[in-house]
Amino acid sequence: MAHSHPYSKIRRGGGVATAAALAVSLLTSGAAPAAATDVSGQGALKHYVALGDSYAAGTGLPGQTDATCMRSTGSYPAWIAETYKPAVFKDVTCGGATTRSLWNHEGSAAPQVHALTQDTDLVTVTLGGNDLGFSDVLTRCVLVGLTTREGTPCRDVAAKEVDAGFARLSTRLPDMLTDIKRRSPRARVVVVGYPNPFPVDGSACGSSVPLAKGDVTWLHQTTNRLNLMLEMSALLRQVEFVDTSSVFRGHDMCRPPSGQWINPLLPRTSGSAHPNAVGHLMTAVEVYERLKK
């Protein structure tokens, strides 16, 4: 990316307000609709489908449009839709979704693949974290972290469970992408990775992130492992991958509130450990940058 690009200022740092303003400018500038011709090579974007879990749905953000799925108008798919203004936008992201939610009901939500058609020309998908039972693991990590900040007490009891989840994902992710391409063969399919909520070192984490220092490192490594599996699955199935962790570096849940793009674990809310409004905006910019290529 050329250094003259307005987004380069965001990468070099600056306040959250400045970053958000620059990102909004980039996404809503007059150049954005013209860039839509790059999405499918067949003219402006016509039919966009967003698949995914709470990290795509915008869980915890204002502007909730679906109480069951905790879907928000501030999510990264909503920003992408606002940028390209497709004729059809189907957002079927849903909190709690797993890769199985593509083909099965998630509560009252219909299988997500039902939104895909032969006419779909863009698909974004963020899935896999719930296949690892990540929410339950985090709850367990907090419970043991409230008793000690030393060692890796959560990893010691949860690592086998997480490893089993990765074993399941190793076949589920390629199968997921194969079926998406089968149902929407003309679509540009973009796997959007997870921003890493955790720093490499947990020494600076305060009371809002009650985790043992070693477990913070383990959770950071686990998120990186998930993203690597997503990227390798995308490569295997010849679809695209967007890495969000690099741009989120330095904006994890252990940073001061003014620099956080990920909400801390406490106080416990629906948006805990999820990207905040700026985080979704920055994710949208990363996807937008990919779509321009």
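Worth saying up front: this structure is predicted, and the values here are computed from it rather than measured.

**Some points on the environment of Glu150**
Tracing the backbone shows Glu150 in the loop between α7 (134–145) and α8 (153–183). Between the C-alpha atoms of Glu150 and Leu211, which are 61 residues apart in sequence, the distance is 8.8 Å.

**Section: the pattern of salt bridges**
Taken as a whole, this structure holds 13 salt bridges when the rule is applied. With its nearest N and O atoms 3.5 Å apart, the salt bridge here joins Lys213 to Glu150. One end of the pair, Lys213, is in helix α9 (residues 213–236); the other, Glu150, is in the loop between α7 and α8, and 63 residues separate them in sequence. For Lys213, a relative accessible area of 32% puts it in the partly exposed group. On the basis of relative accessible area, Glu150 is assigned to the exposed category, the value being 51%.

**Considerations on the pairing of strand β1 (residues 47–52)**
Among the six residues in β1, six count as buried, and that is most of the element. The two faces of β1 match: His47, Val49 and Leu51 on one face and Tyr48, Ala50 and Gly52 on the other face are all buried. Relative to strand β4 (residues 88–91), β1 runs parallel, the two being bridged by four bridges. When the bridges of β4 are listed, Ala50 appears paired with Asp91. Taken together, the five bridges between β1 and strand β5 (residues 122–126) define a ladder with parallel strand orientation. Looking at the pairing, Leu51 lines up with Val125 of β5.

**A look at α8**
Its 31 residues place the ends of α8 44 Å apart at the C-alpha level, agreeing with the 45 Å of an ideal helix rising 1.5 Å per residue. Bending of α8 peaks at approximately 50 degrees at the position of Ala159.

**A word on the side chain of Glu240**
Looking at where Glu240 falls in the secondary structure, it is placed in strand β7 (residues 240–242). Glu240 sits in the buried class, given a relative accessible area of 16%. A polar side-chain atom of Glu240 sits 2.5 Å from a polar atom in the side chain of Arg188.

**Describing the sheet that holds β4**
A sheet is described by the order of its strands in space; here five strands give the open sequence β4-β1-β5-β6-β7, paired in parallel fashion. Where the open sheet ends on each side, the last strands, each with one partner, are β4 and β7. With direction set aside, neighbouring strand axes in the sheet form an average angle of 15 degrees. Contacting β1, β5 and β6 (188–192), α8 crosses the sheet at an angle of about 150 degrees to β6. The sheet strands contacting α9 are β6 and β7, and the helix crosses β7 at an angle near 155 degrees.

**Things to note about a nonpolar patch on the surface**
Taken together, the side chains of Leu143, Leu146 and Leu266 define a hydrophobic patch exposed on the protein surface, amounting to about 280 Å² of accessible area. Structurally, Leu143 is set in helix α7.

**With respect to the packing of aromatic side chains**
Under the criterion given, the structure shown has four aromatic pairs. On the basis of an interplanar angle of 45 degrees and a centroid distance of 6.1 Å, the ring pair of Tyr84 and Tyr288 is categorised as tilted. In this pair, Tyr84 sits in helix α6 (residues 76–84) while Tyr288 sits in helix α11 (residues 277–291), placing the two residues 204 residues apart along the sequence. By the burial criterion, Tyr84 is buried, and Tyr288 matches it.

**Topic: the packing of α7 against α9**
At a closest axis distance of 11 Å, the pairing of α7 and α9 adopts a crossing angle of 170 degrees. Classified by the angle between their axes, α7 and α9 sit roughly antiparallel to one another. Between α7 and α9, the residues in contact are Phe134, Val137, Leu138, Cys141 and Val144 and Asp215, Trp218, Leu219, Thr222 and Thr223, respectively. Looking at the contact of α7 with α9 residue by residue, the classes come out as seven nonpolar, two polar and one charged.

**Some details on the packing of α8 against α9**
One can describe the packing of α8 onto α9 by two numbers: an axis separation of 10 Å at closest approach and a directional angle of 10 degrees. The pairing of α8 with α9 is recorded here as roughly parallel in orientation. For the contact of α8 with α9, the per-class residue count stands at 16 nonpolar, three polar and four charged.

Rules of the game
Residues numbered from 1 in each chain as written. Predicted model: local features only at pLDDT ≥ 70, side-chain atom pairs only at ≥ 80, totals over all residues. Heavy atoms only, no water. Helix = DSSP H or I, 4+ residues; strand = E, 2+ residues; numbered from the N terminus. Salt bridge = Lys/Arg side-chain N within 4 Å of Asp/Glu carboxyl O. Buried < 20%, exposed > 50% of the residue type's maximum accessible area, 1.4 Å probe, protein only. Pairing = 2+ DSSP bridges. Expected span 1.5 Å × (residues − 1). Bend = angle between axes of the 7 residues up to and from the residue. Polar contact = N/O pair within 3.5 Å; in protein donor to acceptor, adjacent residues only side chain to side chain. Axes fitted to C-alpha atoms, helices over the stretch in contact; angles between N-to-C directions. Contact = heavy atoms within 4.5 Å. Patch = residues over 30% accessible without salt bridge, like charges linked within 9 Å, V, L, I, M, F, W, Y side chains within 5 Å. Areas by Shrake-Rupley, 256 points an atom, 1.4 Å probe, with all protein chains shown as cover. Phe/Tyr/Trp six-rings, centres within 6.5 Å; stacked < 30°, edge-to-face > 60°. Parallel < 35°, antiparallel > 145°, perpendicular 65-115°, else oblique. Nonpolar A, V, L, I, M, F, W, Y, C, P; charged D, E, K, R; others polar.

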